[in-house]
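Working through the structure, step by step
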Amino acid sequence: GAVVSQHPSWVICKSGTSVKIECRSLDFQATTMFWYRQFPKQSLMLMATSNEGSKATYEQGVEKDKFLINHASLTLSTLTVTSAHPEDSSFYICSASPQRGGNNEQFFGPGTRLTVL
Amino acid sequence: LAKTTQPISMDSYEGQEVNITCSHNNIATNDYITWYQQFPSQGPRFIIQGYKTKVTNEVASLFIPADRKSSTLSLPRVSLSDTAVYYCPLRFSGGYNKLIFGAGTRLAVHP
């Protein structure tokens, strides 16, 4: 199947700093990428839908100014957690979909563990 | 997009067949039923998807009744490595393949 990578796999930062997480589709072009957040023992929560060349669509309750998403190319989307605080500590997972609509599955990245001190 | 409901946890033994049910009473015409497996600290892995009736691949079968308000994932002869959380998000095919995850089922396979 298609491969999606994330970088870094884990990151520890101080409160107040910003952290950027990259999501790449390695062997296919992704017109759409998704960002999820997962707290321990909980399910994945969709944060936003990232479309190449246009603004991301955020789910209700997700602060767009805090979680900046950029989808500059068909193989790369980035999530920047701005002014991170301990409550932002979580497992961030991206996924990519090869084409809009249709019958294609989403391919998930391995996740990025963010710890804010 | 409708959320799904699953049993919180299940236990099984090696070699047994495991059936995990998923309820999606408010499924829409354009929704596909998908199943994912997730191990701790990893991204979900696609298992199978279907729209109606039965779908089978090399690892699982998916049974969907005519009304599509539920589905059952069948794992034949599970092993210890099948211990994981299983999710059945619906995928809206008319848009951006958006998935909304429910709570999932934590399957524990015992020796």
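Check the entry above for the structure.
Now for a quick tour of the structure. (Residues numbered from 1 in each chain as written. Chains lettered and ligands numbered in written order. Predicted model: local features only at pLDDT ≥ 70, side-chain atom pairs only at ≥ 80, totals over all residues. Heavy atoms only, no water.)

**Some details on the sheet that holds strand S7 (residues 70-75) of chain B**
All names here are of chain B. Spatially, 4 strands are ordered S2-S7-S6-S5 in an open sheet, and the strand pairing comes out antiparallel. In this open sheet, the two edge strands, each paired with only one partner strand, are strand S2 (18-23) and strand S5 (53-56). Between one strand axis and the next, the sheet turns by 15° as a mean value, whatever way the strands run. Across 4 bridges, the pairing between S5 and strand S6 (residues 61-64) is antiparallel. Bridge pairing in S6 links valine 55 to leucine 62. (Pairing = 2+ DSSP bridges. Helix = DSSP H or I, 4+ residues; strand = E, 2+ residues; numbered from the N terminus. Axes fitted to C-alpha atoms, helices over the stretch in contact; angles between N-to-C directions.)

**Thoughts on the side chain of histidine 71 of chain A**
All names here are of chain A. In this fold, histidine 71 is placed in strand S7 (residues 67-73). Among the polar contacts listed, one links the side chain of histidine 71 to the side chain of serine 50, at a separation of 2.8 Å. Separated by 3.1 Å, the side chain of histidine 71 and the backbone oxygen of serine 73 make a polar contact. Once you skip the residues sitting within four places of it in the chain, histidine 71 turns out to touch Ala30, Thr31, Thr32, Met33, Ser50, Asn51, Glu52, Gly53, Leu76 and Ser77. (Polar contact = N/O pair within 3.5 Å; in protein donor to acceptor, adjacent residues only side chain to side chain. Contact = heavy atoms within 4.5 Å.)

**Regarding the interface of chain A and chain B**
Taken together, the contacts link 27 residues of chain A with 22 residues of chain B. Across the chain A/chain B interface, buried area totals approximately 1900 Å², and carbon plus sulfur atoms make up 48% of it. We note a salt bridge from glutamate 59 of chain A to lysine 98 of chain B, for which the minimum N-O separation is 2.9 Å. Where chain A packs against chain B, one counts 6 residue pairs in polar contact (both at pLDDT 80 or more). Put simply, the parts of the chain that give the side of chain A that touches chain B at least two residues each are strand S4 (32-38), strand S5 (45-51) and strand S9 (90-97) of chain A. Broken down by element, the residue count for the side of chain A that touches chain B peaks at 4 residues, all from S4 of chain A. (Buried area = accessible area lost by both parts, 1.4 Å probe. Salt bridge = Lys/Arg side-chain N within 4 Å of Asp/Glu carboxyl O.)

**Observations regarding the sheet that holds strand S3 (residues 19-25) of chain A**
Hydrogen bonding along the main chain pairs the strands of a sheet, whether they run parallel or antiparallel. Residues and elements named next belong to chain A. The sheet built from 4 strands is open, its strands ordered S1-S3-S8-S7 with antiparallel pairing. The open sheet has two edge strands, strand S1 (4-7) and S7, and neither has a second partner. With direction set aside, neighbouring strand axes in the sheet form an average angle of 15°. The sheet contact formed by S1 and S3 spans 4 bridges and is antiparallel. Opposite valine 4, over in S3, you have serine 25 as the bridge partner.

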